[in-house]
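These are the residues of each chain, in order.
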Amino acid sequence: RNLGLMAAEAMYAKDDFKGALAAYQAALALGAERAGLASKLFDIYLRLQMYAELLEVSAQPIPGVNSNLVALARAEALLALNRHGEVPAEAGKVAVGDALYPRAAFAQAQALIKAGQLTNAVGPLEIAVKGLRNPPAPVSAYLALAECLQAAGRAGDGVDYLDRAEKLAGDLPAAQRTNIL
């Protein structure tokens, strides 16, 4: 068991996340304590986009992992798994003012849009386009905000966002511009 954990740690340190996962799973099968490996498993599942497993390992608080990061990762995992109804509650756990808050708002907005709640998506989208920096909000966020504002009876407010989307799209390579517009 200890040898398996040492091998897993070595692979993890070398960014061999698939190998580390296999070694951690072998160690767990031999009786290693899952709670002690939760932070590593969370990171691996996040990096490998293993969303169902990420949700399972993060169902309980993970010692040593920022709770805002866990909530955001869970919200984005739920979004990826098309469990849109659960996204707003998870995204809402990210503290207002935290650097991750705009990204959580974006996840919430996407879920609301997919649920057909365009008017409810306006607030989270406004937070996302104003707050996302690295990476910045995608062109599609500005277009979605303009559409949501129109649905909310505020089409005039959407004009600035359409202009911003057009400017941002103009800065993209031609192939990406075609996919957006």
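Up top is the structure.
Residues numbered from 1 in each chain as written. Predicted model: local features only at pLDDT ≥ 70, side-chain atom pairs only at ≥ 80, totals over all residues. Heavy atoms only, no water.

1. Some details on the overall build of the protein
From N to C terminus, the protein includes eleven helices and zero strands. With respect to the principal axes defined by its C-alpha atoms, the protein has extents near 65 × 35 × 25 Å. With 181 residues in all, the protein has 37% of them scored as buried. For the protein, the share of sequence-separated contacts (at least 6 apart) that also reach a separation of at least 24 residues comes to 42%. (Helix = DSSP H or I, 4+ residues; strand = E, 2+ residues; numbered from the N terminus. Buried < 20%, exposed > 50% of the residue type's maximum accessible area, 1.4 Å probe, protein only. Contact = heavy atoms within 4.5 Å.)

2. Section: helix α10 (residues 155-170)
The end-to-end C-alpha distance of α10 is 23 Å, a good match for the 22 Å that 16 residues give at a rise of 1.5 Å each. The complete set of buried residues in α10 reads Gly 158, Tyr 161, Ala 165, Leu 168 and Ala 169. For α10, the buried positions fall inside an angular range of 95° around the axis, keeping them on one side. Of the exposed residues in α10, those oriented more than 90 degrees away from the buried face are Gly 156, Asp 160 and Glu 166. (Expected span 1.5 Å × (residues − 1). Arc of directions from axis to C-beta.)

3. Describing the packing of aromatic side chains
Summed over the entire model, instances satisfying the criterion amount to two aromatic pairs. Each ring, one from Tyr 12 and one from Phe 17, has its centre 5.6 Å from the other, and the planes form 80°; the classification is edge-to-face. Judged by relative accessible area, Tyr 12 falls into the buried class, the value being 18%. Assessed through its relative accessible area of 11%, Phe 17 is described here as buried. Their ring planes at 35° and their centres at 6.4 Å tell us that Tyr 142 and Tyr 161 sit as a pair that is tilted. Here Tyr 142 is found in helix α9 (residues 139-151), whereas its partner Tyr 161 is found in helix α10, with 19 residues between them in sequence. Here Lys 40 stacks its cationic end above the ring of Tyr 12, 4.7 Å away from the centre of that ring. (Phe/Tyr/Trp six-rings, centres within 6.5 Å; stacked < 30°, edge-to-face > 60°. Lys NZ or Arg CZ within 6 Å of the ring centre and 35° of its normal.)

4. Looking at the pattern of salt bridges
Counted according to the given criterion, the structure contains ten salt bridges. For Arg 47, the salt bridge is made with Asp 43, and the minimal N-O distance between the two is 2.8 Å. Of the two residues, Arg 47 and Asp 43 are both situated in helix α3 (residues 34-47); the distance of four residues between them amounts to about one turn of the helix. Given the relative accessible area of 48%, Arg 47 is considered partly exposed. Three or more residues joined by partner-sharing salt bridges are found here, namely Arg 74, Glu 90 and Lys 93. (Salt bridge = Lys/Arg side-chain N within 4 Å of Asp/Glu carboxyl O.)

5. Quick look at the environment of Ala 52
Here Ala 52 lies in helix α4 (residues 51-57). Residues Ala 52 and Leu 78 lie 26 residues apart in sequence; the distance between their C-alpha atoms is 8.4 Å.

6. A few points about the packing of helix α7 (residues 101-114) against helix α8 (residues 118-131)
Two numbers describe how α7 lies on α8: the axes approach to 8 Å, and their chain directions differ by 150°. In terms of their interaxial angle, α7 and α8 are classed as roughly antiparallel. α7 and α8 meet at a crossing whose hand is left-handed. Residues Tyr 101, Pro 102, Ala 105, Phe 106, Gln 108, Ala 109, Leu 112 and Ile 113 of α7 pack against Leu 118, Asn 120, Ala 121, Pro 124, Leu 125, Ile 127, Ala 128 and Gly 131 of α8. Considering only residue class, the contact of α7 with α8 consists of 13 nonpolar, three polar and no charged. (Axes fitted to C-alpha atoms, helices over the stretch in contact; angles between N-to-C directions. Parallel < 35°, antiparallel > 145°, perpendicular 65-115°, else oblique. Left-handed = near helix turned anticlockwise from the far one by under 90°. Nonpolar A, V, L, I, M, F, W, Y, C, P; charged D, E, K, R; others polar.)

7. Quick word on the nonpolar core
Tyr 24, Leu 41, Phe 42, Ile 44 and Val 87 are the most contacted members of the largest nonpolar core, which totals 34 residues. At the level of elements, α1 (2-13), α2 (17-29), α3, α4, α5 (67-80), α6 (87-91) and α7 are the ones that each hand at least two residues to this core. At eight residues, α5 tops the list of elements feeding residues into this core. Dropping the residues within four chain positions of it, Val 87 is found in contact with Ala 75, Leu 78, Leu 79, Ala 107, Gln 108 and Ala 111. Counting 21 residues, the second largest nonpolar core, distinct from the first, contains Ala 121, Leu 125, Ala 137 and Val 139. (Core = buried A, V, L, I, M, F, W, Y, C linked by side-chain atoms within 4.5 Å.)

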